[in-house]
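These are the residues of each chain, in order.
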Amino acid sequence: MYRSLDARLTEEESKTLERALQESPQLQSRLDEITALREAAKSDGHEFSPWFDAKVMHAIKELQQNGIKAFPFQAYRTATIVGFAAIAAMLVIALIFNGSLSINSITGLDSINSENLTAFLAFDF
Amino acid sequence: MSKILDLNRKHVGVQLELSDIQLIEKVQEGDLSAFEIIMSRHKPKVAAVIMGMLGDADATEDVGQEVFIRFFRTIDKFKGDSELSTYLIRIAINLSINEINKRKRRHFVSFDDLYTSDSSDPHDRENSPDNRDLREILDRAIQTLDSKYRKVIVLRLVNGYSTKETAEILDLPLGTVLSRLARGQKKLQEILKPFYNNEATHLNTL
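First, a word on scope: everything that follows refers to the structure included in this document. Residue indices follow the written sequence of each chain, beginning from 1 at its first position. Going through the entries in the order they are written, you letter the chains from A and number the ligands from 1. This being a predicted model, a pLDDT of at least 70 is required before a residue's local features are given, and a value of 80 or more before pairs of side-chain atoms are given or counted; all residues contribute to the totals for chains, interfaces and linings. Values reported for side chains reflect all heavy atoms of the structure, with hydrogen atoms and water molecules removed beforehand.

Before going further, it helps to examine the overall build of chain B. Check the secondary structure of chain B and you find eleven helices and zero strands. Only DSSP runs of H or I covering at least 4 residues are called helices, and only runs of E covering at least 2 are called strands; the numbering of each starts at the N terminus. The order of helices and strands in chain B, counted from the N terminus, is α-α-α-α-α-α-α-α-α-α-α. Looking at chain B residue by residue over its 206 residues, the buried ones come to 47%. A contact between two residues is defined here by any heavy atoms of the two lying within 4.5 Å. Considering only contacts within chain B whose residues lie at least 6 apart along the sequence, 59% involve residues at least 24 apart. Remark: exposure states derive from per-residue accessible area (1.4 Å probe, protein chains only) relative to the maximum for the residue type, with buried under 20%, exposed over 50%, and partly exposed in between.

Right, let's talk about unusual backbone geometry for a bit. The phi dihedral of Asp171(B) falls on the positive side, at around 55 degrees, and the residue is not glycine. Of note, Asp171(B) is situated in the loop between α9 (163-170) and α10 (174-191).

Here, patches come from residues exposed beyond 30% relative accessible area and free of salt bridges, joined within 9 Å for like charges and within 5 Å for nonpolar side chains (Val, Leu, Ile, Met, Phe, Trp, Tyr). Residue exposure ignores everything except the shown protein chains as possible cover, and the areas themselves are Shrake-Rupley values with a 1.4 Å probe. Salt bridges are identified by distance alone: a Lys or Arg side-chain nitrogen within 4 Å of an Asp or Glu carboxyl oxygen. Positive residues here are Lys and Arg, negative ones are Asp and Glu, while His and the chain termini are left out of the count. Charged side chains are reduced to one point each, which is NZ for Lys, CZ for Arg, CG for Asp and CD for Glu. A surface patch of like charges, here positive, comprises Arg30(A), Lys148(B), Arg183(B), Lys186(B), Lys187(B) and Lys193(B). For the positive patch, the leading source of residues is α10(B), giving three residues. With respect to the element layout, Arg30(A) can be found in helix α3 (residues 25-41). Its relative accessible area of 31% is what places Arg30(A) among the partly exposed residues.

With that settled, the discussion passes to the interface of chain A and chain B. At the junction of the two partners, chain A supplies 32 residues and chain B supplies 37 residues. Using a 1.4 Å probe, buried area is obtained as the accessible area two parts lose upon being combined, added over both of them. At the boundary of chain A with chain B, total buried surface from both sides reaches about 3,300 Å², with 67% on carbon and sulfur atoms. The largest per-residue losses of area from chain A upon contact with chain B belong to Leu37(A), His46(A) and Phe48(A), which jointly make up 21% of the total buried on that side. Linking chain A with chain B are three salt bridges, by the criterion used here. In this structure, the salt-bridge partner of Lys55(A) is Glu61(B), at a minimum N-O distance of 3.7 Å. Any pair of N or O atoms that falls within 3.5 Å is considered a polar contact. Within protein, one atom must be able to donate a hydrogen and the other to accept it, and sequence-neighbouring residues count only if both atoms are side-chain atoms. Counting across the interface, chain A meets chain B through eight residue pairs in polar contact (both at pLDDT 80 or more). Those elements giving two or more residues to the side of chain A that touches chain B turn out to be α1 (2-6), α3 and α4 (52-66) of chain A. For the side of chain A that touches chain B, the element with the most residues is α4(A), which contributes ten residues. Under the convention adopted here, Pro, Cys and the residues Ala, Val, Leu, Ile, Met, Phe, Trp and Tyr are nonpolar, Asp, Glu, Lys and Arg are charged, and Gly plus all remaining residues are polar. When its residues are assigned to classes, the side of chain A that touches chain B shows 18 nonpolar, four polar and ten charged.

Moving on, we come to the packing of α3(A) against α10(B). The interhelical angle for the contact between α3(A) and α10(B), taken along N-to-C directions, is 95 degrees, at an axis separation of 11 Å. With respect to their mutual orientation, α3(A) and α10(B) come out roughly perpendicular. Counting all contacts with α3(A), which are made through Arg30(A), Glu33(A), Ile34(A), Leu37(A) and Arg38(A), the residues of α10(B) involved are Gln185(B), Lys186(B), Leu188(B) and Gln189(B). Across the contact of α3(A) with α10(B), the residue classes tally to three nonpolar, two polar and four charged. Fitting a line to C-alpha atoms yields each axis, with helices limited to the stretch in contact; the angle taken between N-to-C directions then spans 0 to 180 degrees. Should an angle fall under 35 degrees it is called roughly parallel, over 145 degrees roughly antiparallel, and 65 to 115 degrees roughly perpendicular, with every other angle called oblique.

Looking now at the environment of Lys42(A). As for its position among the elements, Lys42(A) is in the loop between α3 and α4. In this structure Lys42(A) comes out as partly exposed when scored by relative accessible area, which is 44%. Once residues lying within four places of it in the same chain are set aside, the contact partners of Lys42(A) are Arg135(B), Leu157(B) and Val158(B).

Bringing a nonpolar patch on the surface into the picture now. Residue and element names in this part refer to chain A. Together, Phe84, Ile87, Met90, Leu91, Leu95, Leu101 and Ile106 line one region of the surface with nonpolar side chains, adding up to about 660 Å² of accessible area. When residues in the nonpolar patch are grouped by element, the largest group, five residues, is from helix α6 (residues 77-98). Counting through the fold element by element, Met90 comes out in helix α6. Residue classification places Met90 among the exposed residues on the basis of a relative accessible area of 52%.

All names here are of chain B. Look at helix α3 (residues 32-54) against helix α4 (residues 57-73): their axes get within 9 Å of each other, and the N-to-C directions meet at 140 degrees. Regarding the angle of α3 to α4, the classification is oblique. By crossing handedness, the relation of α3 to α4 is classed as right-handed. Taking contact as the criterion, the partners of Leu32, Phe35, Ile38, Met39, His42, Lys43, Val46, Ala47, Ile50, Met51 and Leu54 in α3 are, on α4, Ala57, Ala59, Thr60, Val63, Gly64, Val67, Phe68, Phe71 and Phe72. Crossings are assigned a handedness: left-handed for a near helix turned anticlockwise from the far helix by less than a right angle, right-handed for a clockwise turn.

Below you can see the structure in the form of structure tokens.
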């Protein structure tokens with residue numbers, strides 16, 4: 001039934017559908033429903049605001065001035081800002097708890113050399 | 001001054017007669033007025049499709065701008081394998097789906113919201129489904145469909161593209177478009193059942 005509204009049925013399919021519709025008032029009312037729904041769904045069209053073109057052209061001119069290649073950064077701007085904020089927060093926490101911004105205080109290790117780093121990873125991690 | 005204006009009008013007049021491909025070549029040479037002509041030629045179709053997908057004029061405006069900006073940025077990639085309108089509508093559909101996904105992360109609209117969100121009192125007779133316009137409820141029902149059904153319904157039923165055009169825009173086999181159309185319509189009928197039941201009750205009482 002649905003296919004009959006969007007595609008051409010074979011002669012046999014059309015006859016079967018016709019028969020089914022005559023025999024079943026329920027099927028017929030379903031078809032009426034879907035026909036009304038399709039009619040109501042038709043768009044009356046929609047228009048952009050009168051300043052749409054001007055806004056797009058302004059954005060394009062800006063894009064040309066800043067260089068199109070600079071644009072991908074915009075897409076990752078949020079991630080970049082969040083990343084920098086997280087790093088800043090870590091530095092502030094290290095400064096508050098350890099009173100310094102040395103590598104040792106940031107990583108939480110007392111001192112770093114290859115010997116105790118191996119020991120740390122092997123036994124304490 | 002009037003000579004300059006005349007020349008300008010003549011220039012635009014000549015450009016209006018150019019094909020999409022010729023206008024794209026002009027844009028690639030740096031002629032932005034050619035881009036304005038492309039935009040004015042195709043924006044009605046783009047606006048109708050985005051509005052059908054999103055049902056919100058403000059979001060439609062924003063996504064519409066993004067469509068043309070995206071097209072400008074990637075204009076060199078357009079090889080003319082398909083019609084420019086098909087290409088732009090494909091971008092419009094993809095960006096609308098991005099917007100829908102962003103919205104889904106922010107909030108979720110359930111089927112029940114269709115009949116209750118405008119009225120604080122669900123028993124408010126003024127806002128009961130039988131007093132609502134079928135069109136309004138249908139628009140909102142379309143917004144609750146999964147995007148794979150929504151795009152075929154919007155292109156075929158709302159914007160009146162043929163099934164063949166819909167298949168071409170969405171790059172789907174015709175059979176898939178037909179089955180998604182059937183499923184989408186069944187889903188819409190299920191969502192609209194309360195509306196139809198109420199209409200029937202309303203008619204029986206007359």
